[in-house]
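Tertiary structure, described
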Amino acid sequence: MMIRDILLEMEQEEDDDEDGDIGDVPASRRPFLRTHTFPYSLALENLDQMVVSSFGTLESQPDFRSPEFEDFNGKPDSLFFNDGQRRIDFVLVYEDESRKENNKKGSNEKQRRKRRAYESNLINDGLQLEATRSVLDDRLVFLKVHAPWEVLCTYAEIMHIKLPLKPNDLKTRSSAFGNFNWFSKFLQVDESIIKPEQEFFTAPFEKNRISDFYIRDRDTFFNPATRSRIVYFILSRVKYQVRDNVKKFGINKLVSSGIYKAAFPLHDCNFSHPSEDFTCPNERYLLYREWAHPRSIYKKQPLDLIRKYYGEKIGIYFAWLGYYTQMLLLAAVVGVACFLYGYVNRNNCTWSKEVCDPKIGGEIIMCPQCDKICPFWKLNITCESSQKLCIFDSFGTLVFAVFMGIWVTLFLEFWKRRQAELEYEWDTVELQQEEQPRPEYEARCTHVVINEITQEEERVPFTTCGKCIRVALCASAVLFWILLIIASVIGIIVYRLSVFIVFSTKLPKNVTGADPIQRYLTPHTATSITASVISFVIIMILNTIYEKVAIMITNFELPRTQTDYENSLTMKMFLFQFVNYYSSCFYIAFFKGKFVGYPGDPVYWLGKYRNEECDPGGCLLELTTQLTIIMGGKAIWNNIQEVLLPWIKNLIGRCRTVSGSEKITPRWEQDYHLQLMGRLGLFYEYLEMIIQFGFVTLFVASFPLAPLLALVNNILEIRVDAWKMTTQYRRMVPEKAQDIGAWQPIMQGIAIMAVVTNAMIIAFTSDMIPRLVYYWSFSVPPYGNHTHYTMEGYINNTLSYFNIVDFKNRTKENPYVGLGNHTTCRYRDFRHPPGHPQEYKHNIYYWHVIAAKLAFIIVTEHIIYSVKFFLSYAIPDVSKSTKSKIKREKYLTQKLLHENHLKDMTKNIAESIVGVADNNLRPKLE
């Protein structure tokens, strides 16, 4: 009997297209897959050739098949249908239309017909369904899905899933730190609790060679993660409606349109206690106990169990995060050492002593930093900030910046080696060959082209010209949003410049009262607070909008595979976040206070707003403060948000559902009330860590404690993410992943940029180069008066003079009359004094400093880049032992499969020869 797909034929006016346009392609023009992938295309070609029914009412169809309804059997830990034999591989949840409170008959009937057609087609495709009503809310129905052996085998071959051939006979490499086994055991997870997984040689599954595979038990040959992945693959491609010869399909659109409320695989048990079912492996409980629980914070992660339970995609994220955290330990130790070096030697800082000396800094009158409102001020009021600056602006900072340039290369190179090991151990070496196209991509394949390799016809979603147009439009959209965030940053700068004058006019200049508001709400403070609030609001609004826009742009691009989709979205989101998060740091480090002119001729924005100058302590200290606040505040806020938000949502959900009554609920209902992670959930975890990686590397010359803050945050982040996934979120659909995707080249780009930014911070933001130039050239003759190299007189030598009467040259009257009886003031720059033939022009000291800064940048960059490239060349991406294992596995796999195939062919040929000989001898004998 022929199995027929049930597809609803809807009238045009009856359908409001509530489920979007994914898959809205004429069925006659939409093949599902590449024609050159034989098993896959053949299987789905057969599905497309099934008879399609067109009808108005669902009940009139003789082919309609519906799932069985069963009552809950009272076993809360059961992972099986009521018969106790068929395992639940996936759960779909919907609300019974007949019991909805707001019963809109037309809309509900339409949803019911689509859902029942979809379920009928699931049954036609070989899946087995069982429906059970909710224990807590009888409006909810849980549809349990089971994939029988034949379906699993068929789709394992279609999806090119690698499965065990024989146990791995390669010896494990002995540890280079054998003498520290006692310490390693202390950090490792107890193997008696989480047993090591047996390793196998694997090969893509083929049904006609099923005897070659290592099948001891059909029930365990496909593990739960693989079963869920196969079922989700089917759910994403089964059709449920046709209109005007246009087919619609996929569980994702059914969930987004509200026909189903949720779709998820099951957790295997409760996280807080093991299952009562003795056959349950209790992997969730083990993960919580040995990985997510706070008492396991010092232990290594059970990566193999994480990968087995959640899939390779989540496993590789936690492997990367753990490796990054380990490498941060070395950077944090060196950073703390450099910080302590600066802290211990802060009292030996000669130039800081001169600033604090009442006879030197107390006698130096500094020029006002803004027009009309700002007063003259004495240099020694910056004493405290100059002492703090000595801690960070020291020789140790230079050493640490060079060290971090090498550290980031070592981290990336050794991670590549570790990643290659995981690719081999987790069977993802040839993942690109087995990854299948996304359903959304398949639905748009309407153009026929000739494959250059196979010279066969295949279908693609758009022509080469169409692809170029799409790429150009997407690139233009991303560029527009980046320019928009830059415009918002410029707007904030203009706001700071303009509103400072307003606050200086409105707020009291001389505060003598005890009112705390009057004491602390100074013009500087008011400007900074309001600008920060406005900046925060703008950033959050743009983040929210751009996230949706980036997803729309990526959907328009139509990447072929899920990996391509995520890589494309990653690049768009990171470019935006890069500008969003780092723009303020770049502004402070390389622009603020650099183009201010001098008191008699200041530089104005838009001809109206005087350019911002650095705080009295200098821009380096301000950059350090900015990084401390951003990194510390962001880490605290993110961790609190990641812990509290899902916990509060789940708590509210439980309170609403249970309503004070304690009932035994099945595993699928418990999981339904957990939070949804979402397919982009892991993307945001990566984004958070990569933004942190940028702060640790790009601006580390100004803040050597950044790696320490990152280390502490990451230790907590690993356990918070683990706790969140095991206790607060539904189990994600396991996905394959070969590596960390586009985040790898992003980190490499940040590493290259970090060398430049740190060299420029030391050269242009700190005062290290001017101090060195003074020490070696201007403290002794012919430019200096000292008989030996010294830092004495540095402050006086680096502050230029300005004649106050010269203010009149720029305005009709002196704007500073009445602000003090001064004839000259000093300012930070290297210019000739008043009365000099080239007054207020840059002096020889300035050109020496500029030459030294440029030389420092060029020499430092070349040295660090040379070391980086040497290390990249010297450290292979794949270790020798891993290469041997990969070659060994390929050899044994080919040998085993070919030998078995050869034996079968030999046996068949021998049988045929014997049969022919028998037939020839019989007439002679007769």
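Keep in mind that this is a model prediction, so the values were computed, not measured.

This next bit is on the state of the cysteines. Per the counting criterion, the structure on display carries three disulfides. The partner cysteine of Cys356 in its disulfide is Cys383, sulfur to sulfur 1.9 Å. Torsion about the S-S bond of the Cys356 and Cys383 cystine: about 100 degrees, corresponding to right-handed handedness. Pair noted here: Cys356 is in helix H11 (residues 350-356) and Cys383 is in helix H12 (residues 383-392), with a separation of 27 residues, a long-range link. What pairs with Cys367 in a disulfide is Cys825, and their sulfur atoms sit 1.8 Å apart. Handedness here is read from the sign of the S-S torsion; for Cys367 and Cys825, about 90 degrees, the answer is right-handed.

On to the pattern of salt bridges, then. Inspection of the entire model under this criterion finds 29 salt bridges. Across the salt bridge formed by Arg133 and Asp96, the nearest N and O atoms sit 2.7 Å from each other. One end of the pair, Arg133, is in strand E5 (residues 128-133); the other, Asp96, is in the loop between strand E4 (90-95) and helix H2 (105-124), and 37 residues separate them in sequence. Its relative accessible area of 26% is what places Arg133 among the partly exposed residues. Note on Asp96: relative accessible area 12%, which makes it buried. The residue Lys388 makes a salt bridge to Glu384 at a minimum N-O spacing of 3.7 Å. With a gap of four residues between them, Lys388 and Glu384 both fall in helix H12, about one helical turn apart. Exposure remark for Lys388: the relative accessible area of 41% places this residue in the partly exposed category. The class for Glu384 is exposed, based on a relative accessible area of 54%.

Bringing the nonpolar core into the picture now. One recurring pattern in soluble globular proteins: nonpolar side chains tend to sit buried together. Ranked by size, the top nonpolar core spans 152 residues in total, and within it Trp320, Trp407 and Phe411 carry the most contacts. The greatest single-element share of this core, amounting to 15 residues, is contributed by helix H10 (residues 312-344). Beyond its immediate sequence surroundings of up to four residues, Trp320 is in contact with Phe411, Trp415, Tyr686, Met689, Ile690, Ile740 and Met747. Leu92, Ile158, Ile161 and Phe213 belong to the second-largest nonpolar core, a separate cluster that totals 43 residues.

The next thing to look at is the sheet that holds strand E11 (residues 262-264). The strand order E3-E5-E6-E4-E11 describes an open sheet built from five strands, whose pairing is mixed. Taken across any chain shown, the strands that pair with only one partner, and hence form the sheet edges, are strand E3 (68-69) and E11. Here E3 pairs with E5 via two bridges, running parallel. Bridging across to E5, Phe69 finds its partner in Ala131. The strands touched by helix H6 (residues 224-235) are E4 and strand E6 (140-146); relative to E4, the strand with the most contacts, the crossing angle is about 45 degrees.

On to the packing of aromatic side chains. Within this structure, the stated rule accounts for 57 aromatic pairs. Between Phe586 and Phe590 the ring centres are 5.7 Å apart and the planes differ by 45 degrees, which places this aromatic pair in the tilted class. With a gap of four residues between them, Phe586 and Phe590 both fall in helix H19 (residues 562-590), about one helical turn apart. Judged by its relative accessible area of 13%, Phe590 falls in the buried class. Above the face of the Tyr94 ring, Arg115 is positioned so that its terminal group lies 3.8 Å from the ring centre. The ring of Trp668 carries Lys144 above its face, with NZ or CZ at 4.3 Å from the centroid.

Let's shift gears to the packing of helix H8 (residues 283-292) against helix H9 (residues 303-310). At a closest axis distance of 11 Å, the pairing of H8 and H9 adopts a crossing angle of 145 degrees. Considering the relative orientation of H8 and H9, their crossing is left-handed. For the pair H8 and H9, contact is made by Glu283, Arg284, Leu286, Leu287 and Trp291 and by Leu305, Ile306, Lys308, Tyr309 and Tyr310, respectively. Considering only residue class, the contact of H8 with H9 consists of seven nonpolar, no polar and three charged.

The residue after Pro781, namely Pro782, is reached through a cis peptide bond having omega 10 degrees. Mapped onto the fold, Pro782 is located in the loop between helix H25 (768-778) and helix H26 (794-798). The phi angle at His160 is positive, at roughly 55 degrees, despite the residue not being glycine. Along the chain, His160 falls in the loop between helix H3 (149-158) and strand E7 (162-167). The phi dihedral of Asp427 is positive, around 60 degrees, even though this residue is not glycine.

Along the chain, Ser766 turns up in the loop between helix H24 (743-765) and H25. Owing to a relative accessible area of 4%, Ser766 belongs among the buried residues under this scheme. Polar side-chain contacts of Ser766 include one of 2.6 Å to the backbone oxygen of Ile762. At 3.4 Å, the side chain of Ser766 and the backbone nitrogen of Met768 are in polar contact.

The next thing to look at is H9. Within H9, the full set of buried residues consists of Leu303, Leu305, Ile306, Tyr309 and Tyr310. Seen along its axis, H9 keeps its buried residues to an arc of 160 degrees; they face one direction. In the core, the buried residues of H9 are packed alongside H6, H8, H10, helix H13 (395-425) and helix H23 (706-728). Looking one or two places after H9, you find Gly311, whose phi comes out positive at around 100 degrees.

A contiguous nonpolar patch, built from Ile636, Ile640, Leu644, Trp647, Ile648, Leu651 and Ile652 and spanning about 600 Å² of accessible area, is present on the exposed surface. Following the sequence through the fold, Leu651 ends up in helix H20 (residues 619-658). The exposure class of Leu651 is partly exposed, given its relative accessible area of 34%.

The N-to-C vectors of helix H22 (residues 681-698) and H23 enclose an angle of 170 degrees; their axes lie 10 Å apart at closest approach. Classified by the interaxial angle, the pair formed by H22 and H23 is roughly antiparallel. Contacts between H22 and H23 involve Leu682, Glu685, Glu688, Met689, Gln692 and Val696 from the first element and Ala706, Pro707, Ala710, Asn713, Asn714, Glu717, Asp721, Lys724 and Met725 from the second. Residues that form the contact of H22 with H23 fall into these classes: seven nonpolar, three polar and five charged.

For H8, a buried count of nine out of 10 residues is recorded, marking the element as mostly surrounded by other parts of the structure. Those residues of H8 not exposed but buried are Glu283, Arg284, Tyr285, Leu286, Leu287, Tyr288, Glu290, Trp291 and Ala292. For H8, the elements touching its buried residues are H9, H10, helix H21 (667-672) and H23.

Moving on to the confidence of the model for the chain. Per-residue pLDDT for the chain has a mean of 80; in total, 81% of the residues score no lower than 70. Per-residue pLDDT stays below 50 along residues 174-180; that stretch engages in zero contacts with residues further than four places along the chain or on separate chains. Note on residues 509-515: pLDDT is under 50 here. Beyond four places in sequence and across chains, it has six contacts.

Analysis parameters
Residues numbered from 1 in each chain as written. Predicted model: local features only at pLDDT ≥ 70, side-chain atom pairs only at ≥ 80, totals over all residues. Heavy atoms only, no water. Disulfide = S-S within 2.5 Å. Helix = DSSP H or I, 4+ residues; strand = E, 2+ residues; numbered from the N terminus. Salt bridge = Lys/Arg side-chain N within 4 Å of Asp/Glu carboxyl O. Buried < 20%, exposed > 50% of the residue type's maximum accessible area, 1.4 Å probe, protein only. Core = buried A, V, L, I, M, F, W, Y, C linked by side-chain atoms within 4.5 Å. Contact = heavy atoms within 4.5 Å. Pairing = 2+ DSSP bridges. Axes fitted to C-alpha atoms, helices over the stretch in contact; angles between N-to-C directions. Phe/Tyr/Trp six-rings, centres within 6.5 Å; stacked < 30°, edge-to-face > 60°. Lys NZ or Arg CZ within 6 Å of the ring centre and 35° of its normal. Left-handed = near helix turned anticlockwise from the far one by under 90°. Nonpolar A, V, L, I, M, F, W, Y, C, P; charged D, E, K, R; others polar. Polar contact = N/O pair within 3.5 Å; in protein donor to acceptor, adjacent residues only side chain to side chain. Arc of directions from axis to C-beta. Patch = residues over 30% accessible without salt bridge, like charges linked within 9 Å, V, L, I, M, F, W, Y side chains within 5 Å. Areas by Shrake-Rupley, 256 points an atom, 1.4 Å probe, with all protein chains shown as cover. Parallel < 35°, antiparallel > 145°, perpendicular 65-115°, else oblique. pLDDT = per-residue confidence, 0-100.

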